[in-house]
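Observations on the model geometry
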Amino acid sequence: MNTRTLYDIPLRGDSMKLLFKKQIKPKFMSIYIKSNDHLYLVANSFNKDNWIVETDFYNEIPLEASDKEILTKFKECLDNCNKALPLDLNDKTHLKAICKITGYKSYTRATQGIKLISIEANDNCEYIITPTEKKKGQGYLHIGEKKIICNEVDLILSIRLVIKIVSISSE
């Protein structure tokens with residue numbers, strides 16, 4: 001039996017670019033958790049410098065919503081990852097999504113008392129859910145050793161578990 005691997009197939013030009021673009025561009029989403037138990041799901045996209053940057057697209061949903069409702073909002077936000085335009089990091093007049101959500105112009109003020117979860121979705125329908133710890137002067141720090149890797153079946157349960165892990169140690 002003669003089998004060929006991806007490395008055996010010669011790729012040139014646009015074929016190579018499409019292959020690497022698909023493999024290198026997973027989808028990222030930020031989930032902010034407000035003290036009143038609301039989730040704010042914010043789509044992320046890659047900017048021209050290949051940085052992961054939040055976009056203007058977000059969904060709000062109460063934490064007590066059903067798993068089906070949360071999954072629907074999650075998928076809608078995920079569909080906008082890498083499609084919605086990333087914020088221009090050099091444009092100080094453009095407010096971040098969390099600033100628009102909370103009504104504050106300052107990111108520091110807008111995120112006061114708000115926790116954060118980072119989610120990565122790859123082409124294998126696998127999700128990496130990473131909790132953060134918020135520390136004064138350092139911002140949100142990922143707690144990599146407590147991340148959860150799951151599939152869509154366990155996604156909402158995993159998000160609910162990670163919500164219990166995220167913390168604010170100081171602001």
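Throughout what follows, the structure given in this document is the object of discussion.

Across its full length, the chain holds five helices and eight strands. Each helix and strand of the chain, placed in order from N terminus to C terminus, yields the pattern α-β-β-β-α-α-α-β-β-β-β-α-β. In the chain, which comprises 171 residues, the share counted as buried stands at 36%. Summarising the internal contacts of the chain: among those between residues at least 6 apart in sequence, 54% fall at separations of at least 24. About 10,800 Å² of surface is accessible on the chain, with carbon and sulfur atoms providing 52% of the total.

The subject of this paragraph is unusual backbone geometry. Backbone geometry at Asn50 places phi at a positive 70°, although glycine is not the residue there. Relative accessible area serves as the criterion here: at 42%, Asn50 is assigned to the partly exposed category. In this model, Asn82 sits at a positive phi of 65°, which is unusual for a non-glycine residue. Within the element layout of this structure, Asn82 appears in the loop between helix H2 (67–80) and helix H3 (97–102). Using a relative accessible area of 31% as the deciding quantity, one classes Asn82 as partly exposed.

Take the nonpolar core next. In a soluble, globular protein the nonpolar side chains are often hidden away together inside. In this structure, Met29, Leu39, Phe74, Ile117, Ile119, Leu155 and Ile159 are the most contacted members of the largest nonpolar core, which totals 27 residues. If you list the elements that add at least two residues to this core, you get strand E1 (27–34), strand E2 (38–46), H2, strand E4 (115–121), strand E5 (126–135) and helix H5 (155–163). By size, the runner-up hydrophobic cluster in this structure holds 11 residues, among which are Ala97, Ala110, Leu116 and Tyr140.

How each quantity is defined
Residues numbered from 1 in each chain as written. Predicted model: local features only at pLDDT ≥ 70, side-chain atom pairs only at ≥ 80, totals over all residues. Heavy atoms only, no water. Helix = DSSP H or I, 4+ residues; strand = E, 2+ residues; numbered from the N terminus. Buried < 20%, exposed > 50% of the residue type's maximum accessible area, 1.4 Å probe, protein only. Contact = heavy atoms within 4.5 Å. Areas by Shrake-Rupley, 256 points an atom, 1.4 Å probe, with all protein chains shown as cover. Core = buried A, V, L, I, M, F, W, Y, C linked by side-chain atoms within 4.5 Å.

That is the geometry; function is a separate question.
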